[in-house]
Amino acid sequence: MLVLAQISDPHLDGTPRATERARRVMDHLRALPGTVDALLVTGDIADHGAESEYEEAAELLGLHDPASPFPVLTCPGNHDSRAPYRKALLREDAATTPVNRAHRVGGAAILMCDSSIPDADEGALDEETYGWIEEELDALDGETPVLLAFHHPPVALHHPLPDRYQLGQPRALARLLERRPEIVGLITGHAHSPAATTFAGRPLIVGPGVTWTLRLPWEGEQVADLEAPVGLAFHVLDDERRLTTHFRTV
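Anyway, here's the lowdown on the structure attached to this text. (Residues numbered from 1 in each chain as written. Predicted model: local features only at pLDDT ≥ 70, side-chain atom pairs only at ≥ 80, totals over all residues. Heavy atoms only, no water.)

Another point: the layout of surface pockets. In this structure, the largest pocket occupies an estimated 330 Å³ of space. If you go around the largest pocket, you meet 20 residues; those closest to its centre are H11, D44, H79, H192 and W212. At the level of elements, α1 (16-30) and α5 (160-164) are the ones that each hand at least two residues to the lining of the largest pocket. For the lining of the largest pocket, the class distribution of residues is 7 nonpolar, 7 polar and 6 charged. The computed volume of the second largest pocket comes to approximately 160 Å³. Here the residues of the lining of the second largest pocket are counted per class, giving 5 nonpolar, 4 polar and 3 charged. (1 Å grid on protein atoms, 1.4 Å probe; cavity = no way out; pocket = protein on both sides within 12 Å on 5 of 7 lines; lining within 4 Å. Points joined across faces, edges and corners; volume = space filled by probe spheres on them. Helix = DSSP H or I, 4+ residues; strand = E, 2+ residues; numbered from the N terminus. Nonpolar A, V, L, I, M, F, W, Y, C, P; charged D, E, K, R; others polar.)

What follows is the structure, given as structure tokens:
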């Protein structure tokens, strides 16, 4: 059994409010009586894509801390900027190509995919990213369960704001899933609202936002609930390859 924590959309911007909310959820995760196998951070880590925001994120997330109780796996969102993300968060050369990373966690593979489009709020998995996914899957044995994590959900969530900026060309992703039964689930962020649905026959989980929570149309006219507690998710991938998610607030 694999237990993965997920946070999304901290939108770190140098303000005390954003810092406190990110620190609150990280302190909660580090204080758990039991240890999660990894933490997934599904995009919009920075609010403006500035190096200083990623430097703060690296410190808050413990991304390079050898004493961290769990590995931290990240992918970009539409507010992120690839070159500063690489330089200040990952401590790599500041390239502008898609930031895709594969990880083995326990008996599963987790592919953190870049669905960002530079200078746009919409999302896409481009040809380079699809090719990378195929290569990573080919390198496995076909039996290892695989989770794909990226920022933009590929389906409508029934609110005009995230639905305006969802993942483009979802049929290409559906074709990939049809060919690849080893992909057992999709994990996304972006909507600032915890949600669970399906896509192409797979579980699709949308993690809650750290910075604020989306109010749905039937919850009132105010879009952003700035006073809502910080949200997070726990994903359990069991030995039957079933993905179960529990949502929490702190």
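Structure's up, so let's keep going.
Attention now moves to the packing of helix α4 (residues 127-138) against helix α6 (residues 170-179). At a closest axis distance of 12 Å, the pairing of α4 and α6 adopts a crossing angle of 10 degrees. In terms of orientation, α4 and α6 fall into the roughly parallel class. Between α4 and α6, the residues in contact are Y130, I133 and E134 and A172, L173, L176 and R179, respectively. Along the lines of polarity and charge, the residues of the contact of α4 with α6 split into 5 nonpolar, no polar and 2 charged. (Axes fitted to C-alpha atoms, helices over the stretch in contact; angles between N-to-C directions. Parallel < 35°, antiparallel > 145°, perpendicular 65-115°, else oblique. Contact = heavy atoms within 4.5 Å.)

At their nearest, the axes of helix α2 (residues 51-61) and helix α3 (residues 82-89) sit 8 Å apart, and the two run at 40 degrees to each other. By the criterion of interaxial angle, the relationship of α2 to α3 is oblique. α2 and α3 meet at a crossing whose hand is right-handed. Here E51, Y54, E55, A57 and A58 of α2 lie close against α3, whose contacting residues are P84, Y85, K87, A88 and L89. Tallied by class, residues from the contact of α2 with α3 come to 7 nonpolar, no polar and 3 charged. (Left-handed = near helix turned anticlockwise from the far one by under 90°.)

This part is about the sheet that holds strand β2 (residues 38-42). If you walk across this open sheet you meet the 5 strands as β3-β2-β1-β12-β13, and the pairing is mixed. A single partner strand is all that each edge strand has here, and the edge strands are β3 (72-75) and β13 (243-249). The sheet shows a mean angle of 25 degrees between the axes of neighbouring strands, direction not considered. Of the strand pairs in this sheet, strand β1 (residues 2-7) and β2 are connected by 4 bridges, and their pairing is parallel. For L4, the partnering residue across the bridge sits in β2 and is A38. (Pairing = 2+ DSSP bridges.)

On the secondary structure map, L237 appears in strand β12 (residues 231-237). If we ignore the near neighbours within four places in the chain, the residues touching L237 are M1, L2, A108, P145, V184, R242 and L243.

Moving on, we come to the sheet that holds strand β5 (residues 108-112). With respect to topology, 6 strands assemble into an open sheet ordered β4-β5-β6-β7-β9-β8, the strand pairing being mixed. Every other strand in the sheet has two partners, leaving β4 (101-105) and β8 (195-199) as the edge strands with one partner each. Across the sheet, the axes of successive neighbouring strands diverge by a mean angle of 20 degrees, strand direction being ignored. The sheet contact formed by strand β7 (residues 183-188) and strand β9 (residues 202-206) spans 3 bridges and is parallel. Within the sheet, the bridge partner assigned to T188 lies in β9 and is V206.

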